[in-house]
4 protein chains.
Amino acid sequence: MTVAAPARTRPALLPPHELDALCARVRAFIDEQAIPREDYSRIHDVEWLDTVTRELRALAQAQGLIAPQLPIEAGGMGLCWQDCARVFEECGRSFIGAGALGCAAPDQPNIDTLMHLAAPSQQAQWLAPLMAGEIRSAFAMTEPSPGVGSDPRMLSTRARRDGDDWILDGHKWFTSGAVGAAFAIVVARSDEGASWFIVDTRNPGWKLIRAIPSIDPFSNGGHGEVMLENCRVSADALIGEAGKGFDYAQLRLEGARLFHCMRGIGLAARAIEIAQDYAVRRDSFGAKLSEHQQMQAMVADSHIDLYACRLMTADVARRLDAGESIRHTSSMAKVFVSEALNRVADRAAQMTGAIGMCQDQPIALIAQRLRPFRIYDGASEVHRAAIGKRIFQRGGRA
Amino acid sequence: MTVAAPARTRPALLPPHELDALCARVRAFIDEQAIPREDYSRIHDVEWLDTVTRELRALAQAQGLIAPQLPIEAGGMGLCWQDCARVFEECGRSFIGAGALGCAAPDQPNIDTLMHLAAPSQQAQWLAPLMAGEIRSAFAMTEPSPGVGSDPRMLSTRARRDGDDWILDGHKWFTSGAVGAAFAIVVARSDEGASWFIVDTRNPGWKLIRAIPSIDPFSNGGHGEVMLENCRVSADALIGEAGKGFDYAQLRLEGARLFHCMRGIGLAARAIEIAQDYAVRRDSFGAKLSEHQQMQAMVADSHIDLYACRLMTADVARRLDAGESIRHTSSMAKVFVSEALNRVADRAAQMTGAIGMCQDQPIALIAQRLRPFRIYDGASEVHRAAIGKRIFQRGGRA
Amino acid sequence: MTVAAPARTRPALLPPHELDALCARVRAFIDEQAIPREDYSRIHDVEWLDTVTRELRALAQAQGLIAPQLPIEAGGMGLCWQDCARVFEECGRSFIGAGALGCAAPDQPNIDTLMHLAAPSQQAQWLAPLMAGEIRSAFAMTEPSPGVGSDPRMLSTRARRDGDDWILDGHKWFTSGAVGAAFAIVVARSDEGASWFIVDTRNPGWKLIRAIPSIDPFSNGGHGEVMLENCRVSADALIGEAGKGFDYAQLRLEGARLFHCMRGIGLAARAIEIAQDYAVRRDSFGAKLSEHQQMQAMVADSHIDLYACRLMTADVARRLDAGESIRHTSSMAKVFVSEALNRVADRAAQMTGAIGMCQDQPIALIAQRLRPFRIYDGASEVHRAAIGKRIFQRGGRA
Amino acid sequence: MTVAAPARTRPALLPPHELDALCARVRAFIDEQAIPREDYSRIHDVEWLDTVTRELRALAQAQGLIAPQLPIEAGGMGLCWQDCARVFEECGRSFIGAGALGCAAPDQPNIDTLMHLAAPSQQAQWLAPLMAGEIRSAFAMTEPSPGVGSDPRMLSTRARRDGDDWILDGHKWFTSGAVGAAFAIVVARSDEGASWFIVDTRNPGWKLIRAIPSIDPFSNGGHGEVMLENCRVSADALIGEAGKGFDYAQLRLEGARLFHCMRGIGLAARAIEIAQDYAVRRDSFGAKLSEHQQMQAMVADSHIDLYACRLMTADVARRLDAGESIRHTSSMAKVFVSEALNRVADRAAQMTGAIGMCQDQPIALIAQRLRPFRIYDGASEVHRAAIGKRIFQRGGRA
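Residues numbered from 1 in each chain as written. Chains lettered and ligands numbered in written order. Predicted model: local features only at pLDDT ≥ 70, side-chain atom pairs only at ≥ 80, totals over all residues.

S.K.: I'd like a rundown of the interface of chain B and chain A, residues and numbers included.
M.R.: Counting residues at the interface gives 35 residues for chain B and 35 residues for chain A. Secondary structure elements with two or more residues in the side of chain B that touches chain A: α7 (245-281), α8 (293-321), α9 (327-352) and α11 (380-394) of chain B. For the side of chain B that touches chain A, the element with the highest residue contribution is α8(B), accounting for 16 residues. (Contact = placed C-beta atoms within 7 Å. Helix = DSSP H or I, 4+ residues; strand = E, 2+ residues; numbered from the N terminus.)

Right, dumping it as structure tokens:
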């Protein structure tokens with residue numbers, strides 16, 4: 001497998017009917033294969049999730065439904081981001097759907113990053129098996145207080161040279177995908193500034209302390225807490241150039257938050273659909289629930305929210321395809337979409353009452369899965385301040 | 001002037017750079033000609049508004065900036081609705097800008113309607129001078145309680161045949177454009193159902209009682225209260241077919257609310273721009289206002305709102321151009337956009353403090369202009385109930 | 001008339017049945033005398049308002065319904081603030097009710113202030129006729145940008161000594177009550193810091209430029225823009241001590257914003273009552289409006305809001321009666337109540353549709369009157385920042 | 001132990017300093033004994049919760065801190081409801097605090113109910129050991145669709161007489177406290193209407209199918225799903241009178257939702273206190289988090305919410321003490337408090353970022369515990385419709 005040319009030269013849009021047909025196939029796959037495999041008694045069982053993901057991935061592969069975002073020559077579907085938005089939404093309807101199609105976080109943005117930044121030897125060793133779904137990866141940037149969270153300047157993990165090697169020392173947590181990962185992308189501060197490294201998790205200096213008991217269910221590889229203690233890596237562990245880590249992080253996050261929007265829309269849409277089905281069947285106060293205006297208003301607001309989410313996500317994807325900077329627009333979309341999807345899931349829970357408060361249906365779990373999206377990849381407050389500052393500095397028209 | 005073919009066969013999109021150039025010209029015209037003519041001491045002075053609108057219209061005509069939505073052969077710019085969205089927004093930035101360009105309510109949707117429904121003789125007598133800006137028109141559907149408001153079944157104005165003539169009797173209010181209009185489109189109930197009539201306002205049976213003291217400033221022709229008393233019109237006053245009035249109303253409203261979105265976006269954007277300019281200059285608590293996070297968040301949320309409003313408006317316009325039904329999407333857009341624009345104007349007022357509470361700047365007036373948009377053309381609550389019912393009936397995916 | 005002892009030693013609560021009876025009398029007076037005199041075509045006519053206020057005040061005086069907040073020996077009702085809350089609410093139901101009872105801003109807080117701070121000669125000259133309703137007063141603190149708004153440090157009006165006199169120079173606006181006032185309390189910066197002065201409006205150095213076209217209707221004395229140009233006042237114009245002006249302002253504002261809450265609750269309650277009356281009579285979609293769940297929810301939320309507003313206002317009044325500091329609680333109440341009352345008025349407008357968008361009923365005017373309450377006496381954003389800082393500094397329990 | 005006289009004759013308020021001292025003792029107990037015993041790895045472990053509750057209860061008993069709401073002669077503290085509000089809040093700060101003090105749901109409202117309704121023999125057999133904390137109880141009203149949820153008319157569990165016995169058949173779920181309960185209060189439909197029965201959980205006709213995987217952690221006795229199959233109980237199992245079950249339910253719910261408010265306030269206050277402590281220590285973007293205005297605004301809004309919640313809860317408790325009906329006010333308080341507390345917990349989570357998304361701190365768990373409060377005891381939507389209808393029917397003042 002040859003690793004592909006820079007993904008920023010995106011392919012053209014599929015003809016609408018082809019895209020519709022593809023989405024219908026993905027939807028059928030998710031409905032028939034993924035959703036029935038969801039097991040709400042194993043929401044934090046990373047091993048079980050790995051097993052079922054492998055199984056689903058094989059099925060998806062057999063149907064040609066793998067890696068919508070990757071070039072055809074890299075084994076993917078070769079879709080542009082605007083088309084990916086539709087397909088990611090479809091597979092995002094199931095907690096385990098994106099993993100099945102090879103487009104779940106953190107592997108998907110890690111792949112995207114490595115395709116752009118990794119040296120050929122890094123690509124051969126780590127990217128190729130990652131693309132093939134043979135291994136999983138982690139992304140280790142966030143640190144517990146007083147380390148780096150939303151403010152990149154707080155980065156405290158150190159990288160110092162020792163001969164040709166680097167020695168990494170630091171404390172990471174909320175390391176996405178850490179449990180069971182073959183390698184991690186680690187962000188550390190070297191003399192040049194923030195720098196990115198590939199760390200083999202078998203390295204004795206990489207110590208996974210625990211899986212953090214976070215509230216989001218079915219997270220591939222969970223969120224790890226990791227100590228990097230005298231973690232020696234060779235010179236070829238450096239990704240790209242030393243000191244460019246913040247630029248890389250910015251670029252990765254701009255995309256990653258957009259892809260989260262795509263997947264999250266599917267999950268929230270599923271929640272409100274379940275609530276709709278319930279409301280048309282459930283009697284209450286002499287009528288179907290669906291005949292009560294407050295229910296009608298809740299479902300109307302949810303569809304309006306989803307409508308806006310889809311348009312905004314598609315617009316940012318279009319800009320990414322066109323090679324425009326999405327720093328500002330992806331930040332705006334992230335704030336809007338993450339909050340809108342939480343509103344949708346909350347309404348679905350409210351509409352279904354007791355059912356929305358337990359795990360007999362996935363609504364409560366969807367709400368828990370979507371809640372951290374208002375925090376991960378930059379809390380809404382951080383984005384609002386950044387967006388506002390940018391507007392004030394830039395001046396001019398609204 | 002030949003009256004044009006049905007507008008639903010819309011022209012193609014302009015090339016982006018042509019559209020950008022056109023918008024820049026409209027913006028310059030609005031900034032240089034319209035905004036300086038706004039007089040906040042005459043917000044309810046319909047005659048003054050007519051005078052200044054005629055003056056501006058002549059200037060716009062001279063610059064080739066008239067009637068973006070009309071076919072070229074009808075003297076307009078021949079733009080599709082999607083392009084109109086951009087141009088309407090630009091002229092909507094001024095209270096008196098849409099009138100200047102010949103695309104203000106109620107004339108603009110009246111023209112749109114008459115192009116589709118009116119007989120050649122009606123078009124010659126009423127549509128041609130209306131398109132030329134020589135006369136103004138009114139739209140008389142709403143009635144005071146217990147008549148028709150949001151619920152079309154409450155229509156109480158009657159139309160009965162008397163020989164070849166029709167006799168109209170009823171009580172209308174919030175008759176848009178009534179003060180100074182040459183004719184009105186009147187919705188009345190005949191034996192066949194709701195029917196539409198053209199009424200010459202010189203008809204002795206048409207009695208304009210008063211201009212209603214509504215809160216929205218700079219309304220072309222104001223909002224009239226009208227008694228129709230033994231109002232005799234000839235057979236050729238009937239528009240289209242008797243009994244089809246509700247279908248016509250539905251079609252008119254679907255478009256009209258979309259066009260309101262287009263114009264309103266411009267007005268709200270202007271409000272937040274004024275607030276931004278103020279915030280970067282005003283000192284408070286040891287810093288510029290713009291350095292305070294709450295200001296940053298307010299401006300961020302406003303840009304996010306405007307971003308969503310524009311995408312949704314453009315999407316519905318695209319569907320209208322494509323000949324799709326926009327009943328559902330224009331209803332969703334109307335709810336979202338009308339509420340979002342009110343939020344934007346409210347934040348602009350809050351950001352500017354005392355200035356936002358008076359008429360030295362137009363922010364308070366913009367808020368008053370946008371407030372009724374949550375009521376006119378169907379209150380948000382009516383739309384939410386209708387949207388919700390439709391979703392429950394249709395079932396299926398969100 | 002003897003000017004009373006410090007108002008902070010408040011009288012005891014009335015027995016509940018006496019308070020109820022008093023409120024019923026005030027309510028009847030407002031319903032029968034004040035509301036019928038409201039003329040919505042004269043919302044910014046300060047002279048008309050003075051005339052009708054004088055007329056109403058004489059009627060109130062005749063019924064013993066004057067100055068609930070003043071000591072009995074000063075001609076008032078001698079109520080504690082907690083009881084005043086109820087009475088202020090009752091008279092606040094009419095735009096012109098508080099003026100009728102001699103408890104409208106800015107005279108009422110000016111009287112309160114002067115009772116505490118003014119020298120006997122000042123009290124004799126200015127306070128006595130003010131209490132008697134023979135004159136009106138203004139409060140001149142706010143300045144146009146870059147002067148003082150929310151941040152007291154921006155105060156730019158200067159006071160310098162010239163022999164025994166003071167010379168005041170500066171630019172004020174949103175000077176409450178300025179049009180027709182006999183005197184103004186002016187806040188200016190002297191060498192000692194902020195200082196308060198009584199300025200006779202006949203002073204040639206006091207120049208009323210204009211009544212600011214603010215959006216709030218029926219404002220006693222309007223909001224003036226004033227130039228102080230070489231405005232010479234004698235030594236006895238100083239109120240209290242030079243340099244203590246910020247403390248005085250803080251104290252005045254703490255009370256003033258509480259009294260605004262009391263009056264505003266009455267006005268918002270009136271709006272929702274009008275909406276309720278409309279909803280039970282208006283037919284729509286096969287039922288009374290009041291049978292639609294969205295209407296029920298709007299009225300429920302409004303009553304919940306009013307319930308919370310009344311409890312919070314009463315609690316702060318209780319603390320003020322008890323001699324506790326109300327800096328923190330009155331600030332919290334001001335934010336909550338001003339925003340809640342705006343929600344109530346907005347729902348009332350939404351429930352009444354076209355009626356809520358015009359001046360046939362007072363709902364739209366009530367919304368315009370309440371809007372500036374989110375700005376005047378400190379914008380919500382300024383209060384939120386101050387409240388938050390105080391909590392963080394104080395630490396400990398929530 | 002003698003079972004007490006009707007609790008509605010409530011004792012007088014404690015002198016404020018005594019109440020403060022009592023609250024301080026409860027707070028110390030909660031901080032020192034309860035909170036350290038919270039184990040976030042056992043959030044759904046009912047047996048562990050029973051063990052730790054027994055242990056804590058013994059400690060509370062030893063300190064005289066048991067059953068604030070029960071009469072002194074029944075072994076309680078003999079507080080009126082208004083004072084209980086303060087004490088319940090203090091113990092509500094810990095997930096396991098109310099259980100420790102013998103005032104957790106569903107036992108506390110069950111005790112309250114049985115004190116009023118149960119026959120002496122029922123009181124001797126079931127109430128006495130329940131008050132003593134020797135057994136736990138369940139409340140079985142809710143049924144899965146299409147049974148009873150918010151609408152009492154949907155009750156489908158049947159009770160038919162068989163000689164002197166009753167035979168109960170039906171399907172219940174969200175039966176609070178079911179796991180490990182000694183008995184349940186079961187609501188079923190007999191010929192007379194809704195009726196209440198005491199069912200010994202050792203009855204072979206009582207079949208606990210499962211503990212429902214609901215999202216709220218640390219629920220005493222969890223939420224059970226139960227089949228009643230040919231469940232024979234003797235005549236003395238009937239509580240009160242047959243056919244009065246809806247009145248009883250109404251009365252129980254009116255109180256129960258108020259007591260939930262009391263306890264919930266404590267939990268939400270704890271969440272925001274943790275967030276405050278974090279914000280004053282955490283550096284971000286060149287300052288402490290607490291110096292950022294958005295954080296200040298979030299903490300300000302949370303304190304404002306808590307202020308309103310406490311006032312409203314105290315006011316309804318005061319009415320309950322006074323023997324007034326609290327149907328309307330407790331319903332308003334329930335809507336406001338349940339939603340306000342969810343806002344507070346959500347802000348606390350947002351302020352603490354990653355920490356608020358996991359179980360290292362209890363914030364995420366507090367949010368999950370409070371979420372169902374918007375559903376249990378009547379969803380907000382049901383209350384809003386009921387409140388609104390009542391207001392429209394009653395008419396008159398707001």
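What follows picks up the thread again.
S.K.: Provide a residue-level description of the relation of the copies chain B and chain A, including the pertinent values.
M.R.: Mapping chain B onto chain A is achieved by rotating through 180° and translating by 0.0 Å along the same axis, at an RMSD of 0.0 Å. In short, the pair behaves as if placed about a two-fold rotation axis. (Least-squares fit on C-alpha atoms with pLDDT ≥ 70 in both.)

S.K.: An account of the interface of chain B and chain D is requested, with residue identities and associated values reported.
M.R.: Taken together, the contacts link 4 residues of chain B with 4 residues of chain D. A class-by-class count of the residues in the side of chain B that touches chain D yields 1 nonpolar, 3 polar and no charged. (Nonpolar A, V, L, I, M, F, W, Y, C, P; charged D, E, K, R; others polar.)

S.K.: So what's going on with the domain arrangement of chain A? Residues and values would help.
M.R.: Residue and element names in this part refer to chain A. Domains assigned within chain A are domain 1 (16-104 + 111-118), domain 2 (137-239) and domain 3 (249-394). Contacts between the two partners involve 18 residues from domain 1 and, on the opposite side, 21 residues from domain 3. Looking at the side of domain 1 that touches domain 3, the elements with two or more residues in it are α3 (81-92) and α5 (107-117). With 9 residues, the top contributor of residues to the side of domain 1 that touches domain 3 is α3. Taken together, the residues of the side of domain 1 that touches domain 3 break down into 10 nonpolar, 3 polar and 5 charged. (Domains from an automatic or database assignment.)

S.K.: Hey, could you go over the relation of the copies chain B and chain D for me, with residue numbers and the actual values?
M.R.: At an RMSD of 0.0 Å, chain B and chain D line up after a rotation of 180° and a shift of 0.0 Å along the axis. Comparing contact sets, 100% of the residues at the interface of chain B also lie at the interface in chain D, consistent with an isologous, same-surface contact.

S.K.: Describe the packing of helix α1 (residues 16-34) of chain C against helix α3 (residues 81-92) of chain C, and please don't skip the residues or the numbers.
M.R.: Residue and element names in this part refer to chain C. Running from amino to carboxyl end, α1 crosses α3 at an angle of 20°, the nearest separation of the two axes being 8 Å. When the interaxial angle is binned, α1 and α3 end up roughly parallel. In this structure, α1 crosses over α3, and the sense of that crossing is right-handed. On α3, the residues that touch L19, L22, C23, V26, R27 and I30 of α1 are D83, R86, V87, E90 and C91. (Axes fitted to C-alpha atoms, helices over the stretch in contact; angles between N-to-C directions. Parallel < 35°, antiparallel > 145°, perpendicular 65-115°, else oblique. Left-handed = near helix turned anticlockwise from the far one by under 90°.)

S.K.: Can you lay out the pairing of strand β4 (residues 183-190) of chain D for me, pointing to particular residues and giving the numbers?
M.R.: All names here are of chain D. β4 sits mainly inside the fold: 7 of its 8 residues count as buried. Note: strand β1 (residues 137-140) against β4, 4 bridges, orientation parallel. Bridging across to β4, F139 finds its partner in I185. One ladder, built from 8 bridges, connects β4 with strand β5 (residues 193-200); its direction is antiparallel. (Buried ≥ 20, exposed ≤ 12 C-beta atoms within 10 Å, placed from the backbone. Pairing = 2+ DSSP bridges.)

S.K.: Tell me about helix α1 (residues 16-34) of chain B, residues and numbers included.
M.R.: For α1(B), with 19 residues, the first-to-last C-alpha span of 25 Å sits near the 27 Å given by 1.5 Å per residue. Elements that come into contact with the buried residues of α1(B) comprise α2 (46-62), α3 (81-92) and α4 (97-100) of chain B. (Expected span 1.5 Å × (residues − 1).)

S.K.: Break down the environment of G240(A) for me, citing the residues and quoting the values.
M.R.: Residue and element names in this part refer to chain A. By the element assignment, G240 lies in the loop between β8 (238-239) and α7 (245-281). With 18 C-beta atoms counted inside 10 Å, the residue G240 sits in the partly exposed group. Along the chain, G240 and L65 lie 175 residues apart, while their C-alpha atoms are 31 Å from each other.

S.K.: So, the packing of α5(A) against α7(A): which residues are in play, and what are the values?
M.R.: All names here are of chain A. Between α5 and α7, the shortest axis-to-axis distance is 10 Å and the interhelical angle comes to 140°. Between α5 and α7, the crossing angle belongs to the class labelled oblique. Relative to α7, the crossing made by α5 is right-handed. For the pair α5 and α7, the contacting residues are Q108, P109, D112, T113 and L117 in the first and Y248, R252, G255, A256 and F259 in the second. Residues that form the contact of α5 with α7 fall into these classes: 5 nonpolar, 3 polar and 2 charged.

S.K.: Describe unusual backbone geometry, and please don't skip the residues or the numbers.
M.R.: Geometrically, the link from A105(A) to P106(A) is a cis peptide bond, its omega value of 0° lying close to zero. Note that P106(A) resides in the loop between α4 (97-100) and α5. With an omega dihedral of 10°, the bond running from S145(C) to P146(C) counts as a cis peptide bond. The phi dihedral of F218(A) is positive, around 55°, even though this residue is not glycine. Within the secondary structure layout, F218(A) lies in the loop between β6 (206-211) and β7 (223-233). Residues other than glycine seldom take positive phi values, yet N230(D) does so here, at roughly 50°. Along the chain, N230(D) turns up in strand β7 (residues 223-233).

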